[in-house]
Each structure stands twice: as C-alpha cells, then as structure tokens.
Amino acid sequence: MRKPAGQEFLKKTRLDGGVPTPQQMGLAQPRLESEVDRSLPIFNLPQPDTFPVMPVDFLAFIELRTSVREYASKALTQEELSFLLWCTQGVKQVVPRAATFRTVPSAGARHALETYLLINRVEGLEPGLYRFLALDHQLQQLSTEAAWPAVLSHACKGQEFVKNSAVSFFWVAESPRMTWRYGERGYRYLFLDAGHVCQNLYLSSEAVGCGCCAIGAFDDEALHDLLDLGEEERFVVYGAAVGKKYKVE
C-alpha cells in the first residue's frame, strides 16, 4: 500500500545529510530577490523610520488575535500598508555573506518568500495586483485589471473575504533560495517561514485597527497561473486577507 503523501514528504525531507546540497557542491547561490521587471510601475512606500511610535500592550495583542473575515469599507493608508509589509518581510540589513536580516525569522537567513498583493482599498493606489520589493521597500504594480478580486477569490475556493478585503497577501516560495543551502530539507523550512510571516501579519494588523484571516485553502495550479510564477520551483505557500475592523460603538 502506498504511504500517505505526508509521510513521504517527511521521509524525503529528513535531515540525514546523505546528499550534498548545492551550496556544498560549490554552486552559486540564488538571488536575494527574484528579478524585477523595471518596465512596470514602481512606487516608493513610506519608510519605516517615519512610522509613528505605537504604545504596545503585547499581552492584549496576543489575547485579541483572532481570524477576522468581515471588514469595514474604510481604506488602509499607504503608511499602514507599508507598516504591515515591513513587519512581515522588512529588510533590516543586507550582510556581506549575501543574506538579509529581516523582521521575521528564516532558516539560515534564506528568506525565500516573495510577497504578492491584491490591493482593493489603499489610499492613493489603484486597485489591482502588486508585488512587494523588499530590498528597496517599494511596491510594483503588476496589473490593474478589474477582474482580480473575483478571480483570486475564486482561486481561494470562493472565499468571499478575499475580494472584500482591503488587501490580501500571497506569499510565494522561491524554493531554490532555500534548497541551495538545505537541499530537500529546505521545503520544510519554507512552510515554517510562512507561519512566522503570517503570525507577524496578524499581530501588526491589530496595531493598525485591522482584522486578518489566514488563507490556506486555495487552488495551487490556479494561483500559480494567475500570478504567472513560471517554473514549478516557485509556488504559493500561504496567504492572508486584511481589512479595517468595524468600530464597536
């Protein structure tokens, strides 16, 4: 009888050191960020040093953390979007050994996730599909076709809160960036890293009066095609929707 896929995954990604990794074989490491198409519009985001100081009751944030699927119609500001992106993939330092230190942990500082965004309601930004350029803390506009909320919601198994969100995050794993150092074991770390990122989004959303809901149910092939990810080594690993909370009177 064939073993369940989960058991096969665990077996094939064991940390046994039996097969040399690309790094051990002396192969060049992948780029710190996937290639940027400079022909598409790029916008500067408010820089982290301009964020207002926020009084934080950390225990309250932990207790308030819950999945929120209904959002008010109020738009996010660009400062708020910038804050959420900084908290989830912000680059604090690029170090000489060709790695980045960011606001979230990552195995071996590989940081093999790229952030794609469905923007519906952010002040000063046209609705559409965007990509976060973490190294320069910029936003790249990929498409402003009106169909994006509907098609991405459909790809997420018809979950309405995707198209009703102010912004939805989709984290794409660039697996060679991780497997270069860790081989097949690196696939485990990609999923762990996504968990770190999404938890930061939950907590930072609370800080700006937003609700957040993680997205784990989606059509892998549909999202792959919609985001034009190309080779199979790039794939969507996780997502989350964010929007302003309704005020409690």
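Here the structure is shown first, and the text comes after it.
As a starting point, this report considers the structure included with it. What you see is a predicted model; the values in this text were computed from it and never measured.

### Things to note about the packing of helix α3 (residues 78–89) against helix α7 (residues 186–207)
Remark: α3 packs on α7, axes separated minimally by 8 Å, with the N-to-C direction vectors making an angle of 150°. Classed by the angle they form, the pair α3 and α7 counts as roughly antiparallel. Here the hand of the crossing between α3 and α7 comes out right-handed. Residues Phe 83, Leu 84, Cys 87, Thr 88 and Gln 89 of α3 touch α7, and the partners they reach there are Val 197, Asn 200, Leu 201, Ser 204, Ser 205 and Ala 207. Residues that form the contact of α3 with α7 fall into these classes: 6 nonpolar, 5 polar and no charged.

### Structural notes on the pattern of salt bridges
Where charged atoms from two side chains of opposite charge come close, those side chains can pair. The full count for this structure, using the stated rule, is 6 salt bridges. Taking the shortest distance from any N to any O, the salt bridge between Arg 234 and Glu 174 comes out at 2.7 Å. With Arg 234 in strand β9 (residues 234–244) and Glu 174 in strand β7 (residues 167–174), this pair connects stretches of sequence that are 60 residues apart. An identical accessibility class is assigned to Arg 234 and Glu 174; each is buried. One salt bridge in this structure joins Lys 245 and Glu 206, with 2.9 Å as the shortest N-O distance. In this pair, Lys 245 sits in the segment after β9 while Glu 206 sits in helix α7, placing the two residues 39 residues apart along the sequence. On the basis of relative accessible area, Lys 245 is assigned to the partly exposed category, the value being 30%. Each member of the salt-bridge network shares a partner with another, and the members are Glu 114, Arg 131 and Arg 177.

### A look at helix α4 (residues 148–155)
For α4, the full list of buried residues reads Trp 148, Pro 149, Leu 152, Ser 153 and Ala 155. Buried residues of α4, viewed axially, fall in a sector of 160°; they line one side. Residues of α4 that are buried sit in contact with β4 (113–119), β5 (128–133), β6 (138–143), α5 (160–164), β7 and α8 (220–226). Phi turns positive, to about 60°, at Lys 157, one or two residues after α4.

### Looking at a nonpolar patch on the surface
A grouping of Val 56, Phe 58, Leu 59 and Ile 62 is seen on the molecular surface, where their side chains present a nonpolar patch of about 410 Å² in accessible area. Counting through the fold element by element, Ile 62 comes out in helix α2 (residues 58–64).

### Examining the nonpolar core
Most often, soluble globular proteins keep nonpolar side chains buried together rather than apart. Core analysis: the biggest nonpolar cluster contains 41 residues, and Leu 81, Ile 119, Leu 139 and Phe 169 have the highest contact counts within it. Listed by contribution, the elements that provide at least two residues to this core are α3, β4, β5, β7, α7, β8 (210–215) and β9. Tallying contributions element by element places α7 first for this core, with 7 residues. Counting 21 residues, the second-largest nonpolar core is a separate cluster that includes Tyr 116, Phe 170, Ile 215 and Phe 218.

Conventions and cut-offs
- Residues numbered from 1 in each chain as written.
- Predicted model: local features only at pLDDT ≥ 70, side-chain atom pairs only at ≥ 80, totals over all residues.
- Heavy atoms only, no water.
- Axes fitted to C-alpha atoms, helices over the stretch in contact; angles between N-to-C directions.
- Helix = DSSP H or I, 4+ residues; strand = E, 2+ residues; numbered from the N terminus.
- Parallel < 35°, antiparallel > 145°, perpendicular 65-115°, else oblique.
- Left-handed = near helix turned anticlockwise from the far one by under 90°.
- Contact = heavy atoms within 4.5 Å.
- Nonpolar A, V, L, I, M, F, W, Y, C, P; charged D, E, K, R; others polar.
- Salt bridge = Lys/Arg side-chain N within 4 Å of Asp/Glu carboxyl O.
- Buried < 20%, exposed > 50% of the residue type's maximum accessible area, 1.4 Å probe, protein only.
- Arc of directions from axis to C-beta.
- Patch = residues over 30% accessible without salt bridge, like charges linked within 9 Å, V, L, I, M, F, W, Y side chains within 5 Å.
- Areas by Shrake-Rupley, 256 points an atom, 1.4 Å probe, with all protein chains shown as cover.
- Core = buried A, V, L, I, M, F, W, Y, C linked by side-chain atoms within 4.5 Å.

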